Amino acid sequence: QLTQSPSSLSASVGDRVTITCRASQDISSYLAWYQQKPGRAPNLLIYATSTLQSGVPSRFRGSGSGTDFTLTISSLQPEDFATYYCQQLDSYPMYTFGQGTKLEIK
Amino acid sequence: EVRLVESGGGLVQPGGSLRLSCAASGFTFSRYSMNWVRQAPGKGLEWVSYITSSSTTIYYADSVKGRFTISRDNARNSLYLQINSLRAEDTAVYYCAKEGTLVGAPLDSWGQGTLVTVSS
């Protein structure tokens, strides 16, 4: 089970934001992050906790290990306002997603 | 460019059936495991089912086991999901997603989704 916090977040362009994902058991580094915009499919941002998928801007950073993980966006851009999901890959292929964090414009 | 296009969704009565399809292009479909993931309206993502490249291994979420059947036709570059005994709680957008070759095998490509609505 994965628990994301906060469930929603308001921020301004240029802000630094952090989203947390906590696993109910040790999942090593087997965690991914996805971004989903309204009406669109999820898009892979980060895998193996901290590796950016090709084409993802460097303002996105993932960190953590074991049970506690974070997604940090260093300087929010207008296109970053979306919902973010973590996904544990430890129980592959029976994936589990976090409940999502909606990032809104303040 | 990887492209996944789902089809087959629609409005169906409780207890009814549908067959969802996912047409794949832009990659060697027969080499990759595939998944179905769903998202109820306004809710989060729920993994539904998984199938290996040669269909030898299949998994289902407990919530759909015994009612859903995943399959694929590598000659047609297509993935399918047969959904039976539909319930209101099955109402969702259903996405097909390709497993990547990256560490941990995250889902690196997704279709646009097809909406299944279960209602009388």
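Before going into details, it helps to say that this report is about the structure given with it.

Some thoughts on the pairing of strand E8 (residues 68-73) of chain A
Residues and elements named next belong to chain A.
- In this sheet, E8 lies alongside strand E3 (residues 17-23) in antiparallel orientation, the contact comprising 6 bridges. Directly across from Val17, in E8, lies its bridge partner Ile73.
- Where strand E7 (residues 60-65) folds back onto E8 in an antiparallel hairpin, the turn is made up of 2 residues, including Gly66, whose phi is positive at roughly 75°.

Concerning the pattern of salt bridges
- The full count for this structure, using the stated rule, is 10 salt bridges over all chains.
- Ionic pairing is found between Lys102 of chain A and Glu104 of chain A, a salt bridge with its closest N-O pair at 3.7 Å.
- Judged by relative accessible area, Glu104 of chain A falls into the partly exposed class, the value being 33%.
- The residue Asp90 of chain B makes a salt bridge to Arg38 of chain B at a minimum N-O spacing of 2.9 Å. With Asp90 of chain B in the loop between strand E8 (78-83) and strand E9 (92-99) and Arg38 of chain B in strand E4 (residues 34-39), this pair connects stretches of sequence that are 52 residues apart. In terms of burial, Asp90 of chain B and Arg38 of chain B fall into one category: buried.
- Where salt bridges share partners, they join Arg38, Glu46, Arg67 and Asp90 of chain B into one cluster.

Details of the sheet that holds E8 of chain B
Residue and element names in this part refer to chain B.
- The antiparallel open sheet is built from 4 strands, whose spatial order is E1-E3-E8-E7. Two strands bound the open sheet, and with one partner strand each, they are strand E1 (3-7) and strand E7 (68-73). Ignoring which end each strand starts from, the neighbouring axes of this sheet average 15° apart.
- Sheet analysis places strand E3 (residues 18-25) next to E8, joined by 6 bridges and oriented antiparallel. Note on E8: the bridge partner recorded for Ser21 is Tyr80.

Calculation notes
Counting starts from 1 at the beginning of each chain's written sequence and moves along it residue by residue. All chains are assigned letters beginning at A, and all ligands numbers beginning at 1, according to the order in which they are written. Where local features are concerned, this predicted model is filtered to residues with pLDDT of at least 70; where side-chain atom pairs are given and counted, the filter is 80 or more; whole-chain, interface and lining totals use all residues. Side-chain measures were taken over the full set of non-hydrogen atoms in the model, leaving aside hydrogen atoms and water. Paired strands, as defined in this entry, are two strands with at least two bridges between them according to DSSP. Helix and strand definitions here come from DSSP, where helices need a minimum of 4 consecutive H or I residues and strands a minimum of 2 consecutive E residues; each element is numbered from the N-terminal end. Each reported salt bridge corresponds to a side-chain nitrogen of Lys or Arg within 4 Å of a carboxyl oxygen of Asp or Glu. Buried residues are those whose accessible area, probed at 1.4 Å on protein chains only, stays under 20% of the maximum for their type, while exposed residues exceed 50% and partly exposed ones sit between those limits. Inter-axis angles, ranging from 0 to 180 degrees, are taken between N-to-C directions of lines fitted to C-alpha atoms, where helices are fitted over the stretch in contact.

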